[in-house]
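Summary of the model geometry
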Amino acid sequence: MPRVLVANRGEIAIRILRSATELGWDTITIYTERDTSHTAYADEAVKLKSVADFLDVEAVTKIALSTKCTHLHPGYGFLSENPALPLALAKSGSDITFVGPSPDTLRISSDKILSRNLATSLQVNVAAGTRVSSSLEVRAFAERIGYPVMIKALDGGGGRGIRVVESADKVDEAYKRCLGESPSRQVFVEQALTGASWKHIEVQIIGDGTGAVNHFWERECSVQRRFQKVVEFAPSRMPVAVIRPLLEASLKIASHLKYKGLGTFEYLINTQSHEWVFLEINPRVQVEHTVTEEIVDRDLVRAQMLLFTPSQTLSTLSLFSPVPRPTSHAVQLRLTAEDPTRGFQLSPGIIRSADVAWPAGRGIRVDTWLSSGPNNWTSEWIVGTDFDSLLAKVIVRGGTFEEMTAKACRALKELEVGGDVKTNVAVLAGVIDHPDWLSGAIDTLWLERNAASILELGAKAVASPRGVKGLEVLNTPATNVNAAASTNGNTMLQPGALFHLTLAPTTGSPSAPEFNLTRHTLTLSSIGQNAFPDKLTGTLQTSLSPTPFSFSLSQSSSAAVSSSAFELADPNNASHVGSPLTGKVVELHAALMDAVAGGTSERVQHEKRRVKKGDTLLVLSVMKMENVVLSPCDGFVERIGKGIKVGVVLGEGMLVCIVNPNDGTGSKSRL
């Protein structure tokens, strides 16, 4: 019996495990300490030493060998496009089959320049571009073809390692960020094809490794933010005659490669001129494979896995002949743990099973890791900073585009994810409720241009209902507040509630003479808005001061980050530079490094710690994308914040450093 190791996590691991189980295969997966929901769908699970092991070829290979697997499925992301993994399996002396293309195909497809070169050799259109090793080379390229240009990581993906550069003065920073987001630290530059007429179209391919290939038509993925897909649908609404050249180009490249398994070939196409260019190959199962499954009524993952069993080909699986043009429509809505009201910041925290309600009904499918499988019941899930922000994929199918859209609107109204975590549900609702969605007037920059109006439209669409007219609800007896709090942890806050507050240092012994406890009382005089823990407003009186205070308490996005190792920035102190979001510190300015080291004279320190307005003080990696914290003014770094160093996860609002401005003025830090 086949035994498959699914070397992934989250919803895609669950998706693969389900298909493998239906095939009767034994299933094994890998996991980390606080991320286990997918293991409930496997027969066996192996704990990794750290999150980094998801990207460790040697570690994954050892697990495959020790669990006596016959197959290894990489899913998407992590090691799915790394030719070193199938090569390591081959060198191990085992008969473990890698469920994916050959190492040579992975080598070409994982390097965007090699993919472009292959396409050019086969007379497939590509945008002007070249590999670069410095920002000077980027400028030289831009001078030849004109701005804007696009810098890309050779091995980027999911929107990472991509920056559009509009002018020469923006090149250095964009080049540095793309380099930092590239695992191989290699980038290239190409002509930026952006604007109101450019759409992102991709073709779903399947092959059996003999040169026989087939396609399952196309998907449109133009609704993007920072080049990361948000909403995808299939088929596109463009005429078949316009799409046909993309299908033919995909088959030509795939056949040349003797492609095996699932693959996605991506393009940009101009809706006015019908000009098109090849972008890249994604040599694995795609996040949005779901919409293709819905319109062609095929389990693509099942077909992919069967192709890696003896004697199976496209012909034996009845997949050799072209699939008729689908008549139904499907859309995938990516629900993410991001707060769109705060610049789409990652929103870590805890989601409990009682806080979640998924839509259902005919034509609605939800792929999510916020679930409990047959082998393990889970009551809560932790959204951290180690992985991407995807919570769920809501997939909706309809007989027409309009029916699909109406059903998707209904699905989003039924969807509920509460708890600490904010989501982008209002953005999703705003997209499909926008007139441009139905008219098809959407391009790759549409979402970013219209983000404010889309968010406003979506917030209204998914607003909490006022109730059901005519419904009579039986009032249950009031429950004692203290009893309720002791049983479920939720406290009812009411005006007049009295609290006792004890303040004490966190160090020392309570029995020591110098350990003085300070006790105070606090009462809520009135409550304006009670959406605790998200938000609580009102007035209060305390024994700390005779003057009543108005207060507004809102939960930070740093719910999953321990603050004890850091210190808070004072938002009222202009010299304090605070972290504007939660992320992993990957780079520090030399001035901050010197502040950590210390040990030199005051004059030398002053010179070494000098910074200019706009200098990058610190770089935060959030979901593998780099965000910079800039100096708000010219000045010098008086000191660095507690606990700040490369490698730590820094919470929103924590002190990065104190910058004393030359002219005595300053402002808040900015991204």
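Our subject is the structure listed above.
Just so we're clear, the structure is a prediction, and the values are computed from it rather than from any experiment. (Residues numbered from 1 in each chain as written. Predicted model: local features only at pLDDT ≥ 70, side-chain atom pairs only at ≥ 80, totals over all residues. Heavy atoms only, no water.)

Overview of a nonpolar patch on the surface
Under the convention used in this document: Like charges within 9 Å and nonpolar side chains (Val, Leu, Ile, Met, Phe, Trp, Tyr) within 5 Å are joined into patches, using only residues over 30% in relative accessible area that form no salt bridge. Note on areas: these come from Shrake-Rupley sampling with a 1.4 Å probe, and a residue is covered only by the protein chains present in the view. A side-chain nitrogen of Lys or Arg and a carboxyl oxygen of Asp or Glu constitute a salt bridge if their distance falls within 4 Å. Here a strand is any run of E in DSSP of at least two residues, a helix any run of H or I of at least four, and the numbering for each starts at the N terminus. Summary of the burial criterion: residues with accessible area below 20% of their type's maximum are buried, those above 50% are exposed, and those between are partly exposed, where the area comes from a 1.4 Å probe applied to protein chains only.
Together, Val468, Leu471 and Val473 make up an exposed nonpolar region whose accessible area comes to about 320 Å². Position of Val473 relative to the elements: it lies in the loop between helix H15 (451-461) and helix H16 (481-488). Judged by its relative accessible area of 61%, Val473 is exposed.

Concerning the pairing of strand S13 (residues 260-270)
Rules: What makes two strands pair is DSSP finding at least two bridges between them.
Buried residues dominate S13, accounting for ten of its eleven residues. The sheet contact formed by strand S10 (residues 198-208) and S13 spans eleven bridges and is antiparallel. Residue pairing for S13: Trp198 is matched across the bridge by Asn270. Sheet analysis places S13 next to strand S14 (residues 276-282), joined by six bridges and oriented antiparallel. Residue pairing across strands places Glu266 opposite Glu280, the latter belonging to S14. The turn linking S13 back onto S14 is made up of five residues, and His274 within it adopts a positive phi angle of 65 degrees.

Describing helix H6 (residues 135-145)
So the rule is basically this: Arc, as used here, means the arc of the directions from the helix axis to the C-beta atoms. Contacts are assigned to residue pairs with any non-hydrogen atoms lying within 4.5 Å of each other.
Among the residues of H6, those classed as buried are Ser135, Val138, Arg139, Phe141 and Ala142. Angular distribution of buried residues about the axis of H6 spans 160 degrees; they occupy a single face of the element. Every exposed residue of H6 that faces more than 90 degrees away from the buried side is listed here: Leu136, Glu143 and Arg144. Along its buried surface, H6 packs onto strand S6 (129-132), strand S7 (149-157), helix H7 (171-180) and strand S9 (187-191).

Structural notes on the pattern of salt bridges
On inspection of all chains with the given rule, the structure shows 39 salt bridges. Arg177 serves as the salt-bridge partner of Glu626, at 2.9 Å between the closest nitrogen and oxygen. Separated by 449 residues along the polypeptide, Glu626 in strand S32 (residues 625-630) and Arg177 in helix H7 bring together distant segments of the chain. The class for Glu626 is buried, based on a relative accessible area of 10%. On the accessibility criterion, Arg177 (4% relative accessible area) is buried.

Some words on the sheet that holds strand S8 (residues 160-165)
Just so we agree on the cut-off: In this analysis an axis means a line fitted to C-alpha atoms, helices contributing only their contacting stretch, and an angle means the value between N-to-C directions, from 0 to 180 degrees.
Taking strand neighbours across the sheet as the criterion, the four strands line up as S6-S9-S7-S8 in an open arrangement whose pairing is antiparallel. Looking along the sheet, the strands with just one partner apiece sit at the ends: S6 and S8. Each strand axis lies, on average, 25 degrees off the axis of its neighbour in the sheet, ignoring direction. With four bridges connecting them, S6 and S9 associate as antiparallel partners. Pairing of Val132 across the sheet is with Val187, part of S9. The sheet strands contacting H7 are S6, S7, S8 and S9, and the helix crosses S8 at an angle near 165 degrees.

Digging into unusual backbone geometry
Tyr147 connects to Pro148 through a cis peptide bond whose omega is 5 degrees. Counting through the fold element by element, Pro148 comes out in the loop between H6 and S7. A cis amide bond links Ala234 to the next residue, Pro235, at an omega of -10 degrees. With respect to the helices, strands and loops of the structure, Pro235 is situated in the loop between strand S12 (228-234) and helix H8 (240-257). Here Gln123, not a glycine, exhibits a phi torsion of approximately 60 degrees, which is positive. Residue position: Gln123 is located in the loop between helix H5 (112-121) and S6. Backbone geometry at His274 places phi at a positive 65 degrees, although glycine is not the residue there. By secondary structure assignment, the location of His274 is in the loop between S13 and S14. You can call His274 partly exposed: its relative accessible area is 40%.

What to know about the nonpolar core
Put simply, the rule reads: Buried residues of nine kinds, namely Ala, Val, Leu, Ile, Met, Phe, Trp, Tyr and Cys, make up a nonpolar core once their side-chain atoms join them within 4.5 Å.
Membership of the largest hydrophobic core comes to 107 residues, with the highest contact counts inside it found for Ile253, Val431 and Trp437. Broken down by element, the residue count for this core peaks at eight residues, all from H8. Ranked by size, the runner-up nonpolar core spans 25 residues in total, among them Val629, Val648, Leu650 and Val656.

Digging into the side chain of Thr290
In this fold, Thr290 is placed in helix H9 (residues 289-296). Setting aside anything within four residues of it in sequence, one finds Thr290 in contact with Gln332, Arg365, Asp367, Lys393 and Ile395.

Quick word on the sheet that holds S32
Pairing is antiparallel across the open sheet formed by four strands, whose spatial order is S32-S31-S29-S34. One side of each edge strand has no neighbouring strand; the edge strands of this open sheet are S32 and strand S34 (649-650). Looking at chain direction, strand S29 (residues 583-588) and S34 are connected through two bridges and run antiparallel. Residue pairing across strands places Lys584 opposite Val649, the latter belonging to S34. Contacting S29, strand S31 (616-622) and S32, H7 crosses the sheet at an angle of about 135 degrees to S32.

Focus on the side chain of Thr423
Here is the rule we go by: For the purposes of these results, a polar contact is taken to be a pair of N or O atoms within 3.5 Å, where, inside protein, one atom must be able to donate a hydrogen and its partner to accept one; residues adjacent in sequence count only when each atom of the pair is a side-chain atom.
With respect to the element layout, Thr423 can be found in the loop between strand S23 (416-417) and helix H12 (425-432). For Thr423, a relative accessible area of 14% gives the class buried. Reaching out from Thr423, the side chain makes a polar contact with the backbone nitrogen of Val425 at a distance of 3.4 Å. Leaving out residues up to four positions away in the same chain, Thr423 has contacts with Leu335, Thr336, Glu338, Pro340, Leu391 and Val417.

Focus on the packing of H6 against H7
The test is simple: When describing relative orientation, an angle under 35 degrees is termed roughly parallel and one over 145 degrees roughly antiparallel, while 65 to 115 degrees is termed roughly perpendicular and anything else oblique. Less than a right angle of anticlockwise turn of the near helix away from the far helix marks a crossing as left-handed, whereas a clockwise turn marks it as right-handed. Amino acids are sorted into nonpolar (Ala, Val, Leu, Ile, Met, Phe, Trp, Tyr, Cys and Pro), charged (Asp, Glu, Lys and Arg) and polar (every other residue, Gly among them).
Where H6 contacts H7, the axes come no closer than 9 Å and their chain directions differ by 120 degrees. When the interaxial angle is binned, H6 and H7 end up oblique. Along this stretch, H6 crosses H7, giving a crossing that reads as right-handed. Taking contact as the criterion, the partners of Ser135, Val138 and Arg139 in H6 are, on H7, Val171, Asp172 and Tyr175. Partitioning the contact of H6 with H7 into residue classes produces three nonpolar, one polar and two charged.

Considering the packing of aromatic side chains
The description of two aromatic rings rests on the distance between their centres and on the angle between their planes. Applicable threshold: A pair of Phe, Tyr and Trp rings is counted when the ring centres sit within 6.5 Å of each other, with Trp represented by its six-membered ring. The angle between the planes then sorts it: under 30 degrees is stacked, over 60 is edge-to-face, the rest tilted. As a reminder, the over-ring test applies to NZ of lysine and CZ of arginine, requiring each to be within 6 Å of the ring centre and within 35 degrees of the ring normal.
Under the counting rule described, the total for this entry stands at nine aromatic pairs. Pairing Phe78 with Phe387 gives two aromatic rings, centres 6.4 Å apart and planes at 90 degrees, and the pair type is edge-to-face. Of the two residues, Phe78 is situated in the loop between strand S4 (71-73) and helix H3 (84-91) and Phe387 in the loop between strand S21 (380-383) and strand S22 (390-398); the sequence distance between them amounts to 309 residues. An aromatic cluster of three or more residues is present, and its members are Phe54, Phe78 and Phe387. The lysine or arginine in question, Arg9, covers the ring of Trp369, its NZ or CZ lying 5.5 Å from the ring centre. The lysine or arginine in question, Arg237, covers the ring of Phe401, its NZ or CZ lying 3.9 Å from the ring centre.

Brief notes about the environment of Lys407
Tracing the backbone through its elements, the reader meets Lys407 in helix H11 (residues 401-414). Among the residues examined, Lys407 registers a relative accessible area of 12% and is labelled buried. On a C-alpha basis, the gap between Lys407 and Val396 in space is 7.0 Å, while along the polypeptide they are eleven residues apart. Side-chain polar atoms of Lys407 contact the backbone oxygen of Arg362, separated by 3.1 Å.

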